[in-house]
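Here is what each chain is made of, one letter per residue.
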Amino acid sequence: MHSLRWAWSYIREYKGRFALGLLLVLVVSALNMLNPYIAGKIVDDVIYGQQKNVLGPLLGIMIGFTFFRTIVRYGYQMTFEKLSQNVIFKMRANLYDRLHKLDFSFYDQTKTGDIMARMTGDLEAVRHFTAWSIYMIFENAMILLFAIGFMFYIHPPLALAMLMVTPFIGFFAFRLTADVRPTFTEIRNQFARLNSVVQENISGNRVVKAFAKEEYEIQKFSAENGAFKEKNLQSAKIWEKYLPILDSLAGVLTVVMILAGGIMVIHGSLTFGELVMFNSLIWALNNPMRMAGWLINDVQRFIASAEKVEELLKTEPKIMNQETEAAKVKNFNGVVEFDHVNFSYGEGPVLKDINFKAKPGQSVAIIGPTGSGKSTLVNLLSRFYDASSGVVRVDGINVKDWDIQRLRDGMAMVMQDIFLFSDTIEGNIAYGSPQSSLDSIQNAARLAEAHDFISALPEGYDTIVGERGVGLSGGQRQRIALARAILKDPSILILDDTTSSVDMETELRIQTTLQSIHQCKTRFIVAHRISSVKEADLILVMENGRIIERGKHTELIKKKGYYYNVYKNQYGNFDHKQHGKEVI
Ligand SMILES: Nc1ncnc2c1ncn2[C@@H]1O[C@H](COP(=O)(O)OP(=O)(O)OP(=O)(O)O)[C@@H](O)[C@H]1O
């Protein structure tokens, strides 16, 4: 019932069309009683009563009605089809909207395959229910009701005899519903698992090949595929157990009708024409009962899928906009402050008492062992996650009070895991600033040391890069992502391990450029290489979620602590000046 109420919240918008559809179904269902009635009349009045003059008009009505029914049926089928397409269009748009509202923590916990199952298979099950099952249930219920009513009108005792079978049918239909329902939820969940395996294998196909794990992955898929088949078979076995019973009970109706009706005709309490009417009406009892199994099947499938779609639509993001005055502030300059910030993803602290301040024009570098919390720290700045305690401020305002859109608009981030869309290089660079001219795109690419290799490609900036940037080297991808960030001209630029795959000479040129063009911006550079961080105004050295050292390059070298050791490991006794020029 809950799923139906939820579906109704979408259908309600088209309630006029919905009501029209049901009305047409009602008309056709009522008119379905006409042909059996006429058939009986022909037997009683034309064959037995010898009123041959009424045969023509009666046949005319029969043929006319058959045409009329076909047209009206087409009308309501189209009505429900259009309605379902509108409903699904809106649901799909809402789902997509919700997926964009949901934050990092949702994507951390949810498999892509599961999301895809909801966007495809589950929506299709809801569409099928709206387009077909609703009117079929209504049509069958109405035909059954009209037929019962009509039978009582013709001959109540025979109608009563036939109805004695229906409680048994109701009982078995109810049992079928109860037994089959859990299997549909299992089928649906197994479909999501199957989807996840396929999706992971397609995304990770290079790793699979590199480790020659094709056979292992095929077997993994085969296990999930087998489980999917088994769950479908289990479900089929249940309703195949009940369908013959429902079918047989429908057959019993014919036997009751022939037996009881025949006796009544022999005793003269029923005319032969009336028996023909009953005989013609038997499909109107049989058919809905036969269909009941299939329709129950559809309803259960709908409920299992609707619950999943609704669950996703109702998932609330943890990161939300607050309606504060600060949210109305338009732009910011880029003053950043971490005020005793602690953070945890759930289990155990990841950031502990992070405390520092950066002004526009300054660059803050973060260095430290892998897993020490560097990326997490910059992620709090863009509010991908919220601090567990303490405050992150931008221009003196808590990031939680900023309008998220505005906050992120003022920042540009090059993430560790570079993502390029399957689009042209020009489109990828202009992703954050779609109105940019080709000149400014090329200029950004020059600053990111990407222009030369892009121009050398046969199609230059029009080159379409594959999914996630396939076809480009790691360093090339990083430079395109950097150009994308530079083009945005943000107040705060965050580079998370952005030049790790770029050779040191190119990196040095990039840094010199960034230094000159971003005089008034605040820059965050997360890196492992000393060469990437040594020019920074403030270097934060992290270990186990804490800042263990801070200062400028020369100060940290003098401290002879962690930073100094990294420096020694990376450069040994290498002279940092060659031919009078700084190289590290
Ligand atoms: N989405 C997440 N959910 C749960 N734990 C996470 C998540 N992301 C990172 N962590 C954990 O938080 C800790 C810090 O990770 P983080 O990525 O910030 O480190 P890092 O210093 O940037 O590492 P690297 O240098 O390898 O990029 C690690 O222990 C990591 O396992």
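Structure shown above.
The structure reproduced in this document is the subject of the present report. Since this is a predicted model, take the numbers as computed values, not measurements.

**Thoughts on the sheet that holds strand 2 (residues 349-358)**
Read from one edge of the open sheet, four strands run 2-1-4-5, paired in antiparallel fashion. For this open sheet the edge positions go to strand 2 and strand 5 (397-398), each flanked by a neighbour on one side alone. Where helix 12 (residues 374-381) meets the sheet, its contacts fall on strand 1 (336-344), strand 2 and strand 4 (389-394), and the angle it forms with strand 1 comes to roughly 120 degrees.

**Focus: a nonpolar patch on the surface**
On the surface, Leu 20, Leu 23, Leu 26, Val 27 and Phe 68 cluster together to form a nonpolar patch covering roughly 400 Å² of accessible area. A per-element tally of the nonpolar patch places helix 2 (residues 15-31) first, with four residues. Tracing the sequence through the fold places Leu 23 in helix 2.

**So, the side chain of Asp 496**
Counting through the fold element by element, Asp 496 comes out in strand 7 (residues 492-496). Lys 374 provides the closest opposite charge to the buried, salt-bridge-free Asp 496, at an N-O distance of 7.2 Å. Not counting chain neighbours up to four residues away, the residues in contact with Asp 496 comprise Ser 375, Val 378, Val 414, Met 415, Gln 416 and Val 526.

**Concerning the packing of aromatic side chains**
Following the criterion strictly, the structure yields 22 aromatic pairs and no others. Arranged with centres 6.0 Å apart and planes meeting at 70 degrees, the rings of Tyr 48 and Phe 272 form a pair that is edge-to-face. With Tyr 48 in helix 3 (residues 34-48) and Phe 272 in helix 11 (residues 272-314), this residue pair connects regions lying 224 residues apart in the sequence. The exposure class assigned to Tyr 48 is exposed, which follows from its relative accessible area of 55%. The rings of Trp 8, Phe 18, Tyr 76, Phe 80 and Tyr 135 are connected pair by pair, giving a single aromatic cluster. Above the face of the Tyr 216 ring, Lys 213 is positioned so that its terminal group lies 4.4 Å from the ring centre.

**Section: the site of the ligand**
Near the ligand lie 14 residues; those nearest to it are Thr 370, Lys 374, Ser 375, Thr 376 and Gln 416. A distance of 2.7 Å is found between an oxygen atom of the ligand and a side-chain nitrogen or oxygen belonging to Lys 374. At a separation of 2.6 Å, an oxygen atom of the ligand approaches a polar side-chain atom of Gln 416. Compared with its free state, where it exposes 630 Å², the ligand has 63% of that area covered by protein. No other element matches the three residues that helix 12 contributes to the shell around the ligand.

Conventions used here
Residues numbered from 1 in each chain as written. Predicted model: local features only at pLDDT ≥ 70, side-chain atom pairs only at ≥ 80, totals over all residues. Heavy atoms only, no water. Pairing = 2+ DSSP bridges. Helix = DSSP H or I, 4+ residues; strand = E, 2+ residues; numbered from the N terminus. Contact = heavy atoms within 4.5 Å. Axes fitted to C-alpha atoms, helices over the stretch in contact; angles between N-to-C directions. Patch = residues over 30% accessible without salt bridge, like charges linked within 9 Å, V, L, I, M, F, W, Y side chains within 5 Å. Areas by Shrake-Rupley, 256 points an atom, 1.4 Å probe, with all protein chains shown as cover. Salt bridge = Lys/Arg side-chain N within 4 Å of Asp/Glu carboxyl O. Buried < 20%, exposed > 50% of the residue type's maximum accessible area, 1.4 Å probe, protein only. Lys, Arg positive; Asp, Glu negative; His and termini not counted. Phe/Tyr/Trp six-rings, centres within 6.5 Å; stacked < 30°, edge-to-face > 60°. Lys NZ or Arg CZ within 6 Å of the ring centre and 35° of its normal. Near = heavy atom within 4 Å. Polar contact = N/O pair within 3.5 Å; in protein donor to acceptor, adjacent residues only side chain to side chain.

Just distances and angles here, no functional claims.
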